Amino acid sequence: MTDVLFYIVPTIFVLSIVVTIHELGHFWVARACGVAIDCFSIGFGRALFSWRDKQGVEWRIAAIPLGGYVRFSGDENAASVPDQNDLSAMKRAIVAREGEAAVNRYFHFKPVWQRALIAVAGPMANFILAILIMAAFLVVIGNPRGQATVREVQPNSPAAQAGLLPGDILLKADKTPIRGAGDVSAYVSLRARMPIDLTIERAGRVQHVTVTPALAESRDDIRGRIKEGRMGVVLGSVSRLEKSSVLTAIPDATVEVWGMIKTIGFYLGRLVTGQLPADQISGIIGIGHTAGAVTKASAAGAPDMATMALRVFVSSMLLIASLSVSIGFMNLLPIPVLDGGHLLMYAYEAVARRPLRADFQAAGFRAGLALILGFMLFAAWNDLNRYDVFKFIGGLFT
């Protein structure tokens, strides 16, 4: 039961924070644009608790804590963007019910730039959350910085074939500065079978070597069985914690978050083009396992409850920052039902000066929903295999 709580509670906590901030982004910008809002829900399904504020918005905590939504007044169309005929009928109903002045309070009658701003506000809120968390981390703890030195080169490895030698200092990877062994691992892991131009220092001289990492499978307690690029070296790193000042923390954190966004985009591009195996795609089960494993690892060996709580809090915040960037990025993809899909429809409307036809929207919505559901099922299957869930279940009956 303790192990179950170690996984379930952190997962609900992390997801709830990320999703709530995302939906609050939509909510705050919609409120600033004067949009009438019916409901703000944390989670899906039946409401466990609910209350109304002075503006008449129902705030709801629902039974399934795996998402959330903001429902604007009149937002009953599945695709959430009615066509011109639907808009005309909706406008007549609003005028008959509430008068002409009320029309401008409804989301669908706002200028297209305001609707686009509301759509993009969710992902932007996720990015801002990650920046604020990283900024606090950089001020209080700092980033590890140092020199990545080759201690050992494994025989017949890509590094050995490229001519790397013990004592080499790694300076850059494809013009990206290396600030420690962690930078090398993160860069190489995404570039299996892809040549990397390494700038090294050997015996006081700067040289270049080209290494093509091999795709290697390994396992760890947090990520399960993974396949990633490996050079075949053991690195040493003389590290120090480099803190940011209060004035530079936000710019420094923005650079860190932008780097995370670029990494996700690069990784997704390699997955889509088949350069990396699709069985590495992870989903909600992977998020839950990671959240639980990070919590357990942070709590392990803590000398007292206060230290344990601090470690768990810091690791949870960093996980929230990482997940927030991922969810913000994924929601910007141009897929119907996601924010990026709405932005695509608003772009069409801005150019054509009329909404996309309702039947096209409905078809796009169904296709997008099928794609997302298929992706979630595929990711769940990967997670079950990655964490050997089937082997575990089989072992219970043998």
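Predicted model, so just to flag it, every value in this text is computed and none were measured.

Rules of the game
- Residues numbered from 1 in each chain as written.
- Predicted model: local features only at pLDDT ≥ 70, side-chain atom pairs only at ≥ 80, totals over all residues.
- Heavy atoms only, no water.
- Helix = DSSP H or I, 4+ residues; strand = E, 2+ residues; numbered from the N terminus.
- Buried < 20%, exposed > 50% of the residue type's maximum accessible area, 1.4 Å probe, protein only.
- Contact = heavy atoms within 4.5 Å.
- Areas by Shrake-Rupley, 256 points an atom, 1.4 Å probe, with all protein chains shown as cover.
- Lys, Arg positive; Asp, Glu negative; His and termini not counted.
- Charge placed at Lys NZ, Arg CZ, Asp CG, Glu CD.
- Expected span 1.5 Å × (residues − 1).
- Salt bridge = Lys/Arg side-chain N within 4 Å of Asp/Glu carboxyl O.
- pLDDT = per-residue confidence, 0-100.
- Axes fitted to C-alpha atoms, helices over the stretch in contact; angles between N-to-C directions.
- Parallel < 35°, antiparallel > 145°, perpendicular 65-115°, else oblique.
- Left-handed = near helix turned anticlockwise from the far one by under 90°.
- Nonpolar A, V, L, I, M, F, W, Y, C, P; charged D, E, K, R; others polar.
- Core = buried A, V, L, I, M, F, W, Y, C linked by side-chain atoms within 4.5 Å.
- Pairing = 2+ DSSP bridges.

So, about the overall build of the chain. Summing up its helical and strand segments, the chain has 11 helices and 10 strands in all. Expressed as a percentage of the 398 residues in the chain, the buried residues total 40%. Excluding contacts between residues fewer than 6 apart, the proportion of contacts in the chain whose partners are at least 24 apart in sequence is 66%. Split by element, the accessible area of the chain, about 21200 Å² in all, is 65% carbon and sulfur. Considering the chain, the positive charge centre built from 38 side chains and the negative charge centre built from 31 side chains are found 2 Å apart.

As a further point, take helix α9 (residues 339-352). Because an α-helix completes one turn every 3.6 residues, residues spaced three or four positions apart along the sequence face the same direction. Taking 1.5 Å per residue as the helical rise, α9 with its 14 residues ought to reach 20 Å, and the 20 Å between its terminal C-alpha atoms agrees with that figure. Along α9, the residues classified as buried are D339, G340, G341, H342, M345, Y346 and E349. Taken from the residues just after α9, R353 is the one with a positive phi, measuring 65°.

Time to look at unusual backbone geometry. You will see that R193, though not glycine, has its phi angle at about 65°, which is positive. If you trace the backbone, R193 turns up in the loop between α5 (181-189) and β6 (196-202). In this model, R353 sits at a positive phi of 65°, which is unusual for a non-glycine residue. By secondary structure assignment, the location of R353 is in the loop between α9 and α10 (358-386).

Assignment of secondary structure puts E23 in helix α1 (residues 2-32). Although E23 is buried, it forms no salt bridge, and the closest oppositely charged side chain is R71 at an N-O distance of 11 Å.

Once that is clear, we can look at the confidence of the model for the chain. Taken residue by residue, the chain gives an average pLDDT of 86. The fraction at 70 or more is 92%. For the chain, per-element mean pLDDT is lowest for helix α11 (residues 389-396), which scores 52, and highest for helix α3 (residues 112-140), which scores 96.

This brings us to the pattern of salt bridges. Summed over all chains, the structure comprises eight salt bridges. Taking the shortest distance from any N to any O, the salt bridge between R202 and D168 comes out at 2.8 Å. Highlighted residues: R202 in strand β6 and D168 in the loop between α4 (158-162) and β4 (169-173), separated in sequence by 34 residues. Across the pair D183 and R179 runs a salt bridge, and its minimum N-O distance is 3.2 Å. The class of R179 is partly exposed, set by a relative accessible area of 36%.

Between two packed helices, both the angle of their axes relative to each other and the distance between the axes serve to describe the pair. Following both chains from N to C, one finds α3 and helix α6 (residues 249-272) inclined at 125°, their axes separated by 8 Å at the closest point. Between α3 and α6, the angle is such that the two are oblique. Viewed along their axes, α3 and α6 form a crossing whose handedness is right-handed. Note on element contacts: α6 touches α3 through A249, I250, D252, A253, T254, E256, V257 and I261, opposite F127, A130, I131, L132, M134, A135, L138 and V139. Along the lines of polarity and charge, the residues of the contact of α3 with α6 split into 13 nonpolar, one polar and two charged.

All right, on to the nonpolar core then. By size, the foremost hydrophobic cluster in this structure holds 28 residues, and its most contacted members are I133, A253, V257, I261, I320 and V325. Here this core gets nine residues from one element, more than from any other, and that element is α3. Beyond its immediate sequence surroundings of up to four residues, A253 is in contact with I131, M134, A135 and L138. A148, L170, I196 and V233 belong to the second-largest nonpolar core, a separate cluster that totals 18 residues.

Here seven bridges tie strand β8 (residues 214-220) to strand β9 (residues 224-230), and the two strands are oriented antiparallel to one another. Along β9, the bridge assignment pairs A214 with R230. The antiparallel pairing of β8 with β9 creates a hairpin that spans three residues between the two strands.

Let us look at the side chain of T11. Positionally, T11 belongs in helix α1. Given the relative accessible area of 11%, T11 is considered buried. Those residues within four positions of T11 in sequence are excluded, and the remaining contacts are I287, G288 and A291.

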